[in-house]
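Notes for the structure review
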Amino acid sequence: MQVTGWWEVWAISDGKPAPGLMRVIGRAGPAVLLLMLLGACAVGGRHTPDSNLERNFLQHQSQFEALLADLQADGRIKMMGIGELRYADGPLSTQIGLANVERLGLPKERWIRYQKQLQDLGIVMAFQGSGGVALKVDSESLLNGDSSKGYEYTEVPPEHLKRSLDGYRLSQNDRDISGNYSVAKQIKGHWYIYLDVTR
């Protein structure tokens, strides 16, 4: 098979990659590996910038405070995302419908309000525990080094405070008791931006 043009590198001939593809992989492979190694420790730049999160918070502070008050008023909400809920000591329910929400004991009007609050504020998941409330904006993925970023409300200041999380590079000094990395930047009062890296 004779293939010409820019797409030649993607052509498959006799079930084997075309020679052009092998040349591209051979030349680009070391560069890609080097970029992956250089970026392995710099996880902060793979998320929503601090300035965007701060601006969103300051422009919608009253809505953040309202969501916080709603979550704290019902301590049975352990985790809540768009269409997901862990209520009381029950299991995580995904793609939950209104009938299931009510069966768990959460009035559907409140569920609808919570879902709108999450969407309006750009939050993908809310967690509540004894230490405070975390509102995740960026979820963990292979592309961001299994790290997450979002807002945190806590009356006890986080241990590892930074001026910026944007260029954060992993440091042994920032490990928590479970071996993961957790850093934060204060926004205002008891509100922080957090960056967690699972290892």
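Our subject in this report is the structure included herewith. Given the structure is predicted, the values throughout are model-derived calculations rather than measurements.

**Some details on the environment of Gly131**
Inspection of the secondary structure assignment puts Gly131 in the loop between strand S6 (125-129) and strand S7 (132-138). When its relative accessible area of 51% is taken as the criterion, Gly131 is described as exposed. A C-alpha to C-alpha distance of 9.8 Å links Gly131 and Glu152, two positions 21 residues apart in sequence. In this structure, Gly131 is in contact with Tyr153 and Thr154, ignoring residues within four places of it in sequence.

**Here we look at the packing of aromatic side chains**
With the rule as written, the count across this model stands at six aromatic pairs. Ring centres of Phe57 and Tyr151 lie 6.3 Å apart, and the angle between their planes is 35°; on these two criteria the pair is classed as tilted. Taken together, the residues span a long stretch of sequence, with Phe57 in helix H2 (residues 50-59) and Tyr151 in strand S8 (residues 147-153) at a distance of 94 residues. Classification of Phe57 by relative accessible area gives buried; the value is 0%. Look at Tyr151 and you get buried, because its relative accessible area is 0%. Taken together, the ring pairs connect Phe57, Phe64, Tyr151, Tyr153 and Trp191 into an aromatic cluster.

**A few points about the nonpolar core**
In terms of nonpolar packing, the biggest core is built from 34 residues, with Phe64, Leu71, Met80, Leu85, Leu135, Tyr151 and Trp191 touching the most fellow members. When residues no more than four places from it in sequence are discounted, the contact partners of Tyr151 are Leu53, Asn56, Phe57, Phe64, Val133, Ala134, Leu135, Val137, Ile187, Trp191, Tyr192 and Tyr194.

**Some details on helix H5 (residues 108-121)**
For H5, which comprises 14 residues, the first-to-last C-alpha distance of 20 Å matches the rise-based estimate of 20 Å (1.5 Å per residue) to within 8%. Of all the residues in H5, the buried ones are Trp111, Tyr114, Gln115, Gln117, Leu118 and Leu121. Seen along its axis, H5 keeps its buried residues to an arc of 160°; they face one direction. Across H5 from its buried face, at more than 90 degrees, point the exposed residues Glu109 and Gln119. Those residues of H5 hidden inside the fold are in contact with H2, helix H3 (61-73), strand S3 (77-81), strand S4 (84-87), helix H4 (98-104) and S6. Just downstream of H5 lies Gly122, where phi reads positive at about 75°.

Calculation rules
Throughout, residues of each chain are indexed from 1 in the direction in which the sequence is written. Two thresholds apply to this predicted model, a pLDDT of at least 70 for residue-level local features and 80 or more for giving and counting side-chain atom pairs, whereas whole-chain, interface and lining totals are computed over all residues. Side-chain metrics rest on all non-hydrogen atoms present in the structure, leaving aside hydrogens and water. Only DSSP runs of H or I covering at least 4 residues are called helices, and only runs of E covering at least 2 are called strands; the numbering of each starts at the N terminus. For the exposure calls, accessible area comes from a 1.4 Å probe over protein chains only, and a residue counts as buried if that area is under 20% of its type's maximum, exposed if over 50%, partly exposed in between. We call two residues in contact whenever any of their non-hydrogen atoms come within 4.5 Å of each other. Note on aromatic contacts: the rings of Phe and Tyr and the six-membered ring of Trp form a pair at centre separations within 6.5 Å, being stacked when their planes are under 30 degrees apart, edge-to-face when over 60 apart, and tilted otherwise. Side-chain atoms within 4.5 Å are what join buried Ala, Val, Leu, Ile, Met, Phe, Trp, Tyr and Cys residues into a set we call a nonpolar core. A helix is expected to span 1.5 Å for every residue after the first. Comment: arc refers to directions from the helix axis out to C-beta atoms.

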